[in-house]
Amino acid sequence: MSEIPPITRRGLLTGTTATAAAALLAVGAAPRARAATVPGLLATTAAQSADGFASVSALGLTGTTGGVAGPTVTVTTGAQLANYAGRNSPWTILVSGRIEIDGMITVVADKSILGVGSAAEITGGGLQLGSTTRPGNNVIIRNIRFTRASDDSVSVTNRAHHVWIDHCDFSQGYDGLLDIKRESDYVTVSWNHFHDHSKTCLLGHNDSYTADRGRLRVTYHHNFFDGTDQRHPRVRFAEPVHVYNNYYRNNTLYGVASTEDAGVLVEGNYFENVAHPIYSGYDDSGPGRVVERNNLYVGSGAPQTLGTVIEPRTFYTYTLDAPSTIPTTVPAGVGVGRIA
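Draft legend 1. Structural view of the overall build of the protein chain. Across its full length, the protein chain holds 5 helices and 28 strands. Looking at the protein chain as a whole, 57% of its 340 residues are labelled buried. Put simply, 66% of the contacts in the protein chain that link residues at least 6 apart link residues at least 24 apart. Of the roughly 12400 Å² of accessible surface on the protein chain, a fraction of 50% belongs to carbon and sulfur atoms.

Draft legend 2. Spatial organisation of the environment of His193. Tracing the backbone shows His193 in strand E16 (residues 193-195). The spacing of His193 and Cys168 is 25 residues in sequence and 6.5 Å in space, taken between C-alpha atoms.

Draft legend 3. Main features of the pattern of salt bridges. Per the stated rule, a full pass over the model turns up 14 salt bridges. Between Arg217 and Asp185 there is a salt bridge, with its nearest N and O atoms 2.6 Å apart. With Arg217 in the loop between strand E17 (202-203) and strand E18 (218-221) and Asp185 in strand E15 (residues 185-190), this residue pair connects regions lying 32 residues apart in the sequence. Look at Asp185 and you get buried, because its relative accessible area is 2%. Residues Asp207 and Arg236 are paired through a salt bridge, measuring 2.5 Å at the closest nitrogen-oxygen approach. Of the two residues, Asp207 sits in the loop between E17 and E18 while Arg236 sits in strand E20 (residues 234-236), which places them 29 residues apart along the sequence. When its relative accessible area of 27% is taken as the criterion, Asp207 is described as partly exposed. Residue classification places Arg236 among the buried residues on the basis of a relative accessible area of 10%.

Draft legend 4. Structural view of the pairing of strand E8 (residues 121-129). Burial of E8 is extensive: 7 of the 9 residues sit out of reach of the surface. Taken together, the 8 bridges between strand E6 (residues 98-107) and E8 define a ladder with parallel strand orientation. The residue of E8 that forms the bridge with Ile99 is Ile122. Summarising the sheet, E8 and strand E10 (residues 145-147) pair through 3 bridges and their orientation is parallel. Across the sheet, residue Ile122 finds its bridge partner in E10, namely Phe146.

Draft legend 5. Spotlight on the confidence of the model for the protein chain. When the pLDDT values of the protein chain are averaged, the result is 89; 86% of them are 70 or greater. Long-range and interchain partners of residues 1-31, a stretch whose pLDDT sits below 50, account for 58 contacts in this model, where long-range means more than four residues apart.

The rules behind these values
- Residues numbered from 1 in each chain as written.
- Predicted model: local features only at pLDDT ≥ 70, side-chain atom pairs only at ≥ 80, totals over all residues.
- Heavy atoms only, no water.
- Helix = DSSP H or I, 4+ residues; strand = E, 2+ residues; numbered from the N terminus.
- Buried < 20%, exposed > 50% of the residue type's maximum accessible area, 1.4 Å probe, protein only.
- Contact = heavy atoms within 4.5 Å.
- Areas by Shrake-Rupley, 256 points an atom, 1.4 Å probe, with all protein chains shown as cover.
- Salt bridge = Lys/Arg side-chain N within 4 Å of Asp/Glu carboxyl O.
- Pairing = 2+ DSSP bridges.
- pLDDT = per-residue confidence, 0-100.

Below, the structure is given as structure tokens:
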């Protein structure tokens, strides 16, 4: 059987002409996982490193590197994806085309799961980072469309730490699109498009799971919460949670909710037609602390604030974009097919 032609960095991630799936079809390859040498991808992974909390040296890791230390494979089926995502060694897993799965695939430590071009999709189920016995630490998920999950689209759970979820598209799930809970920590959620859904981003398991206190340090930046109803995020116990330079548009219930004594900094965001941009406390959950600064509220209500919050700059540096630019730059940059 002929070898797969080399996949260029441009062809791999921009999807403008060829994808890895097209490369497979061009040589008549059977639809099975194929090991491949993709130096362009590995260079991209190294160059485009995580920022925010996923970049922090802690818990024995110096940032989030995913599977860069291991080999690379292209997968086209759910069985292949589950196989490599569950291996006890580093892997870079390239998702080519549309993969239908049932339930949740468990992703264990030291994995990069990267979509090929602009057509990579996981539908029908989702990814769970870590189990109670196999941690989901040091995981990168980028450039994948998640649709119609039977539960969560992505669940970061069971003490998973150092996770970067970037340039994905989330819609039409059953429960949460992207939930982070059960003592997980050091996570960055960046440049994602969330749409056509209600319960968007939960942070913290429930009101009685106090073990989340002192963990769940998460950065949300440059995401587009596009007509989604609520949980952008809904936070319990965590501190600090850093929510900056996101675009909120037509969110019917609320934007951000800080509850159960969480500490959330909301800064440099653009809220458009959001009646309740920021809550302290929500539903049956007690109030959380929340500081807001330098946000723009257009056609939106007044934010609720309470108390003080640990500064994220205690952990990492960042540059804040002018909030007036967010309605232009964020929709133009979020989602799949935008990284090269």
